[in-house]
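Remarks on the overall topology
One-letter residues, chain by chain:
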There are 2 protein chains.
Amino acid sequence: MRTGIATVCLSGTLKEKMQACAIAGFDGIEIFEQDLVTSPLSPEDVRKMAADLGLGLDLYQPFRDFDSVSEDILQENLRRADAKFKLMSRLGMDTILVCTNVGTATIDDDSLRAEQLSRLAELAGNHGVKVAYEALAWGKYVNDYEHAHRLVDTVDHPNLGTCLDSFHILSRDWDTAPIEAIKPEKIFFVQVADAPKLSMDVLSWSRHYRVFPGEGQFELAKFMGHVARAGYSGPVSLEVFNDVFRQSDVERTAVDAMRSLIWLEEQSAKWLDAKAASLAAEGVSGDSPANAAGRRRYPMELATLPKVAEPAGFNFAEVKTDEPAQLETLLGQLGFEFDGRHRTKDVQLWSMGHARVIINEQAPSHSEPAIAALGFDVDSPVIASARAQQLKAPVVPRKVQADEEVFQGIAAPDSTEIFLCQGSPDGTAAWTSEFRQTHEFGEGLEHL
Amino acid sequence: MRTGIATVCLSGTLKEKMQACAIAGFDGIEIFEQDLVTSPLSPEDVRKMAADLGLGLDLYQPFRDFDSVSEDILQENLRRADAKFKLMSRLGMDTILVCTNVGTATIDDDSLRAEQLSRLAELAGNHGVKVAYEALAWGKYVNDYEHAHRLVDTVDHPNLGTCLDSFHILSRDWDTAPIEAIKPEKIFFVQVADAPKLSMDVLSWSRHYRVFPGEGQFELAKFMGHVARAGYSGPVSLEVFNDVFRQSDVERTAVDAMRSLIWLEEQSAKWLDAKAASLAAEGVSGDSPANAAGRRRYPMELATLPKVAEPAGFNFAEVKTDEPAQLETLLGQLGFEFDGRHRTKDVQLWSMGHARVIINEQAPSHSEPAIAALGFDVDSPVIASARAQQLKAPVVPRKVQADEEVFQGIAAPDSTEIFLCQGSPDGTAAWTSEFRQTHEFGEGLEHL
């Protein structure tokens, strides 16, 4: 799947946003006009920077309030469009988002709209660019993707196609199945956003409460499944207006965003496989049961990750404190026993049955004791770690000596270190043999 | 690009190979028959394991010596094929590689071959599987991909298509441009391998000297460019017979293999962009100059990475030794001066002008002094590090204190640590301020 993100999702300057997108591994970006306007970079600078960063400039957006207007306003709108198309040529961009009219529409007439869109498409064709027409959920006359696409169909111009935005479709509860009937070459762009289900006006909901896929309640896998079954294989790009993300660290947010698309790919692949299986069970021809991967019939390539079962249990918890004596007392009172100090690291092991607590004394002075790391029992630490890394979890550096157990460690979003440990049927952990009751440290603690 | 690798490239059991492929991030694999035969896993086990690992089972291979035979041998070959197709159904696989006949071909007649392939395609259709027909470079009568594809064209059956293998094509110096004329739906599979240019019989060359893309001398970007321009967007899979890789650590080789495909994607994208630019310059219609990314017109999605210029110079070299006195003497004799010890780490800094050597005393006893790390000056360490990580270089863990410079570190293939440092116009390095002339260590060394 070609991954993308609109610059409007991120904080910082255009340059910072673009760098963060490249680092996070996006294939392309949408240039939000305001980001370009406020940037000291020229369009040519942006074009070169994108090429150097390996980022496609996949969509210029937004172009508002074009259609359903009187002829004099249309003339003005075509002049505006002409200027944008020239700018896009300097950027080396070939697709622009045109939203259905909210503010200036006065004439509700599909044949007039088609004629006006046809003139826009013709102008776009002269500039070698394409117009992706999107129904806003709050468009004055056109607020339904099927309606917008009927207009595209009527115009039937190679430079006019549809843009599908999951928010505008799912916020209105439009049925997504008819997406499959759209010819793939007429879907010019796909934008995805999730959202919590809220009862509020849809404009505010859209502008402030969009979230990354998986963080909200929309049926995005189904939406994407229909898009894939339509035969679309172009960019799938995040357009998430969210006040928090716009103020968060740009590199971290870009990685979170990328992770949400990888998750969405996996969910969409699952939905497609389930759909293929159910069609095969119904005996619908064309979905051969011999082909386990029903999604492979569609041009959209969806990455899938190793599956990992829920952890079977906790392997250990590591607490950092600069005052270990207090914690030792507490653990002793709770019935934990001191098992020794690590032979190379400055940590203690305490246990009660198979509950294991490591005390790490390397905390900054005067900090509260806090969980620094959690160990989980999993079937295959190396596979679980591979999945986490493919989901962009940062690897935790942990020095080990040659004969010590190598833990697969990754950082959770709150920076707690997560270690993926080999579970054992009897609940024991091999690494505990690295701890020893030593006289210089252990004495006096053993009898707490 | 959907990435794949044949299990025959790797060492170990089928289970180990599959796990390594999942960890390296491949989308799918080719099951080499011998790996399945020698595995204790049942076909159903393999199918489930692949699904759990998120790996597609994209090609079953090889099926040899089918066509150009007498009717009695053909009957036997169809029985063999029937058994394979049943096995593929248990594996949930839908595509099999059939190579042109080397050993049993006795009749050189294209119309007979077409008739025999047609019967195979019909049988495959009954089982819901597809036959990808590949010209071996040493096929007895058919050893040229265009010849093989003419047969596919003649048969014109939905269950028969072409498999293109870069080795079989480039080892014979066949022109790759005609690939563009093949209908994309008739290219069932693409295999890639590189090779050094050797003067030897092509069978031995193929079986022992194939290497991963970028390690040999074939024009693979051009080959892939033609494949992309044909409209193909299916798996691109490594089939590299190499005696060394078959004995190397499986996880490491799988990562090296994946890296070579990522590199190939980038090279192919560059080739396509250059091709589009040259066609646009010639005024060939259809390659619009407005569209900077000429490759975007083709369904194959090619990932591109941030570009990074060659390092501007060395920032430092770090030498590990358990006998620092010898090294100190040597550096002193060479004209280096002692600049101090690090305030938190057990290392010394020596310099001569902007040449900086760090002595790290934490080497195992009796080991020879050796380069443990190299620092390079780059424009943007964070971008260079992102590129390295996208190319699967492992991140080097390095603990830093809050106010110390964070180095972007990755491990080179020989495990030397590579640090990407911010170059400065005057050749200085900010981190040197973390070193101090302390009396307890420094004295006595300053006047060496």
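A brief report on the enclosed structure follows. (Residues numbered from 1 in each chain as written. Chains lettered and ligands numbered in written order. Predicted model: local features only at pLDDT ≥ 70, side-chain atom pairs only at ≥ 80, totals over all residues. Heavy atoms only, no water.)

Quick notes on the sheet that holds strand β9 (residues 313-320) of chain A
Residue and element names in this part refer to chain A. Where we set the bar: Strand pairing requires that DSSP identify at least two bridges connecting the strands. Note on conventions: DSSP H or I runs of at least 4 residues are helices, E runs of at least 2 residues are strands, and numbering of each starts at the N terminus. Contacts are assigned to residue pairs that have any heavy atoms within 4.5 Å of one another. Think of each axis as a best-fit line through the C-alpha atoms, taken over the contacting stretch in the case of a helix, with angles from 0 to 180 degrees between the N-to-C directions.
Pairing in this open sheet of eight strands is mixed, and the strands run β14-β15-β13-β9-β12-β11-β10-β16 from one edge to the other. The strands lining the two open edges of the sheet, one partner per strand, are β14 (408-411) and β16 (435-436). Relative to strand β12 (residues 355-360), β9 runs parallel, the two sharing four bridges. Looking across to β12, one finds that E318 is bridged to I358. Lying on the sheet, helix α12 (residues 381-390) is in contact with β13 (370-378), β14 and β15 (417-422); it crosses β15 at an angle near 150°.

Section: unusual backbone geometry
Applicable threshold: Partly exposed describes any residue whose relative accessible area lies between the buried limit of under 20% and the exposed limit of over 50%, with all areas from a 1.4 Å probe on protein chains only and scaled to the type maximum.
The omega angle of the peptide bond from Q61 of chain A to P62 of chain A is -10°, so this bond is cis rather than trans. Structurally, the position occupied by P62 of chain A is in strand β3 (residues 56-63). Even without being a glycine, S68 of chain B presents a positive backbone phi close to 65°. Residue classification places S68 of chain B among the buried positions, given a relative accessible area of 1%. Despite not being glycine, D156 of chain B shows a phi value in the positive range, around 50°. Residue placement: D156 of chain B occurs in the loop between α6 (145-155) and β6 (160-165). Given a relative accessible area of 61%, D156 of chain B falls into the exposed group.

Here's the deal with the nonpolar core
Filter applied, for reference: The definition of a nonpolar core used throughout is a set of buried Ala, Val, Leu, Ile, Met, Phe, Trp, Tyr and Cys residues joined through side-chain atoms within 4.5 Å.
Counting 111 residues, the largest nonpolar core has F26, F85, L164 and F223 of chain B as the members making the most contacts within it. Here this core gets 10 residues from one element, more than from any other, and that element is helix α10 (residues 250-281) of chain B. Setting aside chain neighbours within four positions, we find L164 of chain B in contact with Y145, I169, I179, I182, I187, F189, V190, Q191, F223 and V227 of chain B. Among the nonpolar cores identified, the runner-up in size contains 110 residues, and F26, W205, V227 and A269 of chain A belong to it.

Structural notes on α12 of chain A
Across the 10 residues that make up α12 of chain A, a large majority, eight, are buried. Looking at α12 of chain A, one finds that the buried residues are P381, I383, A384, S385, A386, R387, A388 and Q390 of chain A. Packed against the buried residues of α12 of chain A are α10 (250-281), β13, β14 and β15 of chain A together with α1 (14-24) and α3 (43-53) of chain B. One or two positions beyond α12 of chain A, positive phi appears at K392 of chain A, with a value near 75°.

Thoughts on the relation of the copies chain A and chain B
We count it as follows: A least-squares superposition brings the copies together, and it is based on the C-alpha atoms of residues with pLDDT no lower than 70 in both.
Structural alignment of chain A on chain B gives an RMSD of 0.1 Å, achieved by rotating through 180° and translating 0.0 Å along the axis. Those values place the two copies in the arrangement expected of a two-fold rotation axis. Counting the interface residues of chain A, we find that 100% of their copies in chain B are interface residues as well, pointing to one common contact surface.

Observations regarding the interface of chain A and chain B
Formally: What gets called buried area is simply the loss in accessible area from a 1.4 Å probe that two parts show on being joined, summed for both. By convention in these notes, a salt bridge is any Lys or Arg side-chain nitrogen within 4 Å of a carboxyl oxygen on Asp or Glu. Under this definition, polar contacts are N or O atom pairs within 3.5 Å; protein pairs additionally need one hydrogen-donor-capable and one acceptor-capable atom, and for neighbouring residues in sequence, both atoms have to be side-chain atoms. For this classification, the nonpolar set comprises Ala, Val, Leu, Ile, Met, Phe, Trp, Tyr, Cys and Pro, the charged set comprises Asp, Glu, Lys and Arg, and every other residue, Gly included, is treated as polar.
Taken together, the 37 residues of chain A in the interface contact 38 residues of chain B. Together, the buried faces of chain A and chain B total about 3100 Å²; carbon and sulfur atoms form 47% of this surface. Applying the counting criterion to the chain A and chain B interface returns three salt bridges. The salt bridge involving R2 of chain A is made with E301 of chain B; its shortest N-O contact spans 2.7 Å. The interface formed by chain A and chain B includes 10 residue pairs in polar contact (both at pLDDT 80 or more). Mapped by element, the contributors of at least two residues to the side of chain A that touches chain B are α1 (14-24), α3 (43-53) and α12 of chain A. Of the residues in the side of chain A that touches chain B, the class split is 15 nonpolar, 10 polar and 12 charged.

Observations regarding the pairing of strand β11 (residues 347-352) of chain B
Residues and elements named next belong to chain B. Within β11, five of the six residues are buried, which leaves the element mostly enclosed by the surrounding structure. Strand direction decides the pairing type here: strand β10 (residues 337-342) and β11, joined by four bridges, are antiparallel. Bridging from a neighbouring strand, E337 pairs with S351 of β11. Hairpin geometry of β10 and β11 is characterised by an intervening segment of four residues between the two adjacent antiparallel strands. Two strands pair when backbone bridges link them, and β11 and strand β12 (residues 355-360) are joined in this way by six bridges, in the antiparallel orientation. Pairing of S351 across the sheet is with R356, part of β12. Between β11 and β12, which follow one another and run antiparallel, lie two residues, and G353 among them has a positive phi close to 60°.

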